[in-house]
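Residue-level structure breakdown
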Amino acid sequence: QDRARAKAANHPNSPKNVWAAIRKDIRDSAKKEIPSSCHREILKVIGSALYWAEGYKQSVNMVNFSNSDPLMIALVMRFFREVCKVSEAKFRGALHIHPHLDKEKAKKFWSGVSGIPLKQFHKTQFGVSKASKQKRDTLPLGTFRVVICDVKLKSKIDGWIAGIGNWSGLRAVGAIG
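Below you will find a few notes about this structure.

The next subject is the pattern of salt bridges. In the structure shown here, the tally under the stated rule is 7 salt bridges. With a shortest N-O distance of 4.0 Å, R40 and E41 are connected by a salt bridge. Residue classification places E41 among the partly exposed positions, given a relative accessible area of 43%. Put simply, R78 and E82 hold a salt bridge, and the shortest N to O gap is 2.9 Å. Of this pair, R78 and E82 both sit in helix α4 (residues 70-83), 4 residues apart, roughly one helical turn.

Spelled out as structure tokens, the structure:
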């Protein structure tokens, strides 16, 4: 029975495989709706929205953006370089990783993704976050943080976020007015 179930589950017409094909078709179609490149204004809105979602907003004098997705880090670095015109000397990188993982491998990886030289990295932080609930190796390369000490840039990004928040038609569900 177990072999029969396994064989049925892997059959091309099994519900699992049918739905996998449907999801793939939807993703492929949706991907074509996005332009293959973006101009500066789109990058400004995307970068600002990413910072709104993933950036550290409590500081008034520095920009901090953390994530574990290499494509998101690459995109936000493009935003910082092309839209914000941050000089290469201002970038700092920081790695947060579980203690048993290979920090040197992770640092080299994130340096390659971000373009930030290793000499501009802060000291690596080791620890297990409460969010991981003691799961191990879910982030084998840790979480990477881009740090830029620049009051004017932080204020400008805050302004762009406020501008997005002022778009007509935007309001929280249940908001009054």
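Moving on, we get to the packing of aromatic side chains. Using the criterion set out here, one finds 6 aromatic pairs in the structure. Judged by centre distance (5.5 Å) and plane angle (45°), the ring pair of F79 and F80 falls under tilted. We note that F79, like F80, is buried. On the numbers, 6.0 Å between centres and 65° between planes, the contact of F79 with W160 is edge-to-face. Highlighted residues: F79 in helix α4 and W160 in helix α6 (residues 151-165), separated in sequence by 81 residues. The exposure class assigned to F79 is buried, which follows from its relative accessible area of 1%. Three or more aromatic residues joined by ring pairs form one cluster here, namely F79, F80, F91 and W160. One Lys or Arg, R81, reaches over the ring of F91 and ends 5.0 Å from the middle of that ring.

Further remarks concern the nonpolar core. Among the nonpolar cores identified, the biggest contains 28 residues, and F79, F80, C84, F91, V146, I148 and I157 are the most heavily contacted of them. Put simply, the parts of the chain that give this core at least two residues each are α3 (40-54), β1 (63-67), α4, β2 (91-97), α5 (103-114), β4 (143-148) and α6. With 6 residues, α4 is the largest single contributor of residues to this core.

This part covers the sheet that holds β2. The mixed open sheet is built from 4 strands, whose spatial order is β1-β4-β2-β3. Looking at strand neighbours, the two that pair on one side only are β1 and β3 (125-126), the edges of this open sheet. As paired elements, β2 and β3 share 2 bridges and run parallel to each other. Opposite I97, over in β3, you have F126 as the bridge partner. Where α4 meets the sheet, it contacts β1, β2 and β4, and its direction lies at approximately 160° from that of β1.

This paragraph deals with the environment of N13. By the secondary structure assignment, N13 is in the loop between α1 (2-9) and α2 (15-32). N13 gets classed as exposed once you look at its relative accessible area, which sits at 61%. N13 sits 94 residues away from K107 along the chain, and the two C-alpha atoms are 44 Å apart.

What counts and how
- Residues numbered from 1 in each chain as written.
- Predicted model: local features only at pLDDT ≥ 70, side-chain atom pairs only at ≥ 80, totals over all residues.
- Heavy atoms only, no water.
- Salt bridge = Lys/Arg side-chain N within 4 Å of Asp/Glu carboxyl O.
- Buried < 20%, exposed > 50% of the residue type's maximum accessible area, 1.4 Å probe, protein only.
- Helix = DSSP H or I, 4+ residues; strand = E, 2+ residues; numbered from the N terminus.
- Phe/Tyr/Trp six-rings, centres within 6.5 Å; stacked < 30°, edge-to-face > 60°.
- Lys NZ or Arg CZ within 6 Å of the ring centre and 35° of its normal.
- Core = buried A, V, L, I, M, F, W, Y, C linked by side-chain atoms within 4.5 Å.
- Pairing = 2+ DSSP bridges.
- Contact = heavy atoms within 4.5 Å.
- Axes fitted to C-alpha atoms, helices over the stretch in contact; angles between N-to-C directions.

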